[in-house]
Amino acid sequence: MTIEQLAAGTARTPIRLWPGVATVALQWVLWSAVPRFVPEAATAAMLTAVGLGLVVALWWLLFSRAPWSDRVGAIVLMVAALFATSRVVHASIAGGMMGFMLPMYAIPALSLALVAGVAVGRHLSARARRATMAGMILIACGAFTLLRTGGMSGSGVSSDLHWRWTPTPEERLLLQAKDERLHSQPAPAAATAPAVAQAPVAATPDPAPAPAPPVPPPPIPEWPGFRGAERDGVVRGVRIETDWTASPPQTLWRRPIGPGWSSFAIRGDLFYTQEQRGDEEIVSCYRLTTGEPVWRHRDTTRFWESNGGAGPRATPTLAGGRVYAMGATGIVNALDAATGAVAWSRNVASDTDTTVPIWGFAASPLVLDDVVIVGAAGRLVAYDIADGKRRWVGPARGGSYSSPQRLTIDGVVQVVMLSDAGATALAPADGTVLWEHAWPGAAITQPARVDDRGLLLNTNSTAGAGVGTRRVTATRAPGGWTATELWTSTGLKPYFNDLVVHKGHAYGFDGSILACIDLADGKRVWKGGRYGNGQLVLLADQDVLLVISEEGELALVGATPDQFKEVARIPAISGKTWNHPVLLGDVLLVRNAEEMAAFRLALAKR
């Protein structure tokens, strides 16, 4: 440093840049590379990356050797820019990840902007240097005002980002439906139905044959609701060709659909689901062979949250010529299955004075004898099947996104509900508590029957990650019921992905990867295949899992304990897919919040 520089006040200590560069490089490896290549470590990696934002701030304030006015000014500008951005971003980003999406995404972006601004401007004049840093910071924050999100992935580490001004799939569907109504024309008045040819009448009719004994009609194929008749995700009596190169699934039809996370109920050529269209929550009936709509029941209500998006979460249930459905805000409808006419309607939120949960009501109705049982965020409510009068209300056990499950345990039919407190079993006639098992956590999945006395439970952490699987045995004695833990396993940790039980083993999702555990001790047997937070059903007759991935791919995986083996995999539908698939006979139905499709699977030659 020369005397002339000191006198002119132009000399300054060089900025120590390398710690900031190294920290930001590590931050972005954790933020972008780890979630992509090691999904099971994604949450921890992203949280660590956000925490490194504090390290960047400490470097800049304490060790950068920048002028103090630059150090303090940059931090103040970042805080002010982030606050101002939060006021004007799209609602999906402002509310994403329960309000933490913007800081989670903005902190790595601001860290990069600060270091990049310092690197670019370190040899410039003081005014130009500050303008460069300020510009980088404002650009980093301002970019978020141009975006919207279609929601988070199941792991919560990636977002479906779009330009703010692009229409959502729901908006495109509504515009398409409006356009179809505007351009549809009534049939010409002169149009008449074609004449029906009459069979010729014989001059001398033959004597009438002797009446044949009546032949009972074949049973109508049915998948009555969420995860099948037993709510166990098991398909029985069906064997398919597993060589999808030689016999690939054939597309019967595709159709856009309103958002929602419902699955399907099917009877004969009609199937039922739920969707959102604008301000109307809809129970829909479609024709299985063509995908054409038959009827729609509409309720003027809308549920939306930024992570999962809009629409109902539960699946309709078929019973006795009616379809029973519960919407995301708590509306319970009993509808004629053929016409959609309303038999009765209730609101479980107002009936139990329950606030709509953050993810919406998600429990699919359960019809048992003469009652319809629904879950009101951890509390079971039974309505009379005939007129909808409330029969009983179970005890409040915290929140839940699980559905009531009918199980026969120790010879007694009971309804088991998972909640934040654990598992509660009630008598279906009056709601009396039979037994309870405490296992605190977030309840989303279904309990699974293991044997006459045993069942599997899952719970989640409050951060939205699977904790594990527990085997519980419930027994009845003269003094009452007891429910005891046999083992708890971390080898199978589903989040909202239901598992299946088959031949002494359980198969399901351990995070985003399939896994198999032994029911004897809970030890993991194998783990393999990345399918995101998808869903699956079991083809029990041929030891095969049919998996729908979170990205909308179909896969066949062996349901055997020897090893993980993927038999086939093909793309099916586009978009984030959390909905349970349904296989009835040779017809496979899949859907997500944008599209539904039917495929015909080749049946195995016997």
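With that settled, consider the pairing of strand S18 (residues 380–384). Along S18, five of the five residues are buried, which leaves the element largely enclosed by surrounding structure. The alternating pattern of S18 places Leu380, Ala382 and Asp384 and Val381 and Tyr383 on opposite faces, both of which are buried. Pairing geometry for strand S17 (residues 371–375) and S18, over five bridges, is antiparallel. Considered in S18, the bridge of valine 372 is made with tyrosine 383. Remark: four residues form the turn of the hairpin made by S17 and S18, two consecutive strands paired antiparallel; alanine 377 in that turn has positive phi of roughly 55°. Alignment of S18 against strand S19 (residues 390–393), held across three bridges, turns out to be antiparallel. Paired with tyrosine 383 across the strands is arginine 390, a residue of S19. The loop that links S18 with its antiparallel partner S19 comprises five residues; one of these, glycine 388, has a positive phi angle of about 80°.

Membership of the largest hydrophobic core comes to 40 residues, with the highest contact counts inside it found for Trp31, Trp59, Trp60, Tyr105, Leu114, Val118 and Phe144. Looking at this core, the elements that each hand over two or more residues are helix H2 (18–37), helix H3 (42–63), helix H4 (68–88), helix H6 (101–121), helix H7 (126–142) and strand S1 (147–152). No other element matches H6, which puts eleven residues into this core. Contact partners of leucine 114, with chain neighbours within four places excluded, come to Val56, Trp59, Trp60, Ala74, Met78 and Met133. The next biggest cluster of nonpolar side chains, apart from the first, holds 34 residues, and it includes Trp244, Ile548, Val587 and Ala598.

Of the residues in the protein chain, 90% have a pLDDT of 70 or more, and the chain-wide mean is 89. Contacts for the low-pLDDT stretch residues 1–10, under 50 throughout, to residues beyond four places or in other chains number four contacts. Note on residues 187–206: pLDDT under 50 across the span, and zero contacts to partners over four residues away in sequence or across chains.

All right, on to the sheet that holds strand S38 (residues 595–600) then. Hydrogen bonding along the main chain pairs the strands of a sheet, whether they run parallel or antiparallel. Taken in spatial order, the four strands line up as S5-S38-S37-S36 in an open sheet, and their pairing is antiparallel. Each edge of the open sheet is held by one strand with a lone partner, namely strand S5 (250–256) and strand S36 (582–584). Strand-to-strand twist across the sheet, computed as the mean angle between neighbouring axes with direction ignored, equals 15°. The pairing of strand S37 (residues 587–591) with S38 spans five bridges and is antiparallel. Bridge pairing in S38 places leucine 589 opposite alanine 598.

Even without glycine at this site, arginine 65 takes up a positive phi of about 70°. With respect to the helices, strands and loops of the structure, arginine 65 is situated in the loop between H3 and H4. We note that aspartate 543 has phi near 55°; this positive angle belongs to a residue other than glycine. Mapped onto the fold, aspartate 543 is located in the loop between strand S32 (535–539) and strand S33 (544–548).

Rules used in this analysis
Residues numbered from 1 in each chain as written. Predicted model: local features only at pLDDT ≥ 70, side-chain atom pairs only at ≥ 80, totals over all residues. Heavy atoms only, no water. Buried < 20%, exposed > 50% of the residue type's maximum accessible area, 1.4 Å probe, protein only. Helix = DSSP H or I, 4+ residues; strand = E, 2+ residues; numbered from the N terminus. Pairing = 2+ DSSP bridges. Core = buried A, V, L, I, M, F, W, Y, C linked by side-chain atoms within 4.5 Å. Contact = heavy atoms within 4.5 Å. pLDDT = per-residue confidence, 0-100. Axes fitted to C-alpha atoms, helices over the stretch in contact; angles between N-to-C directions.

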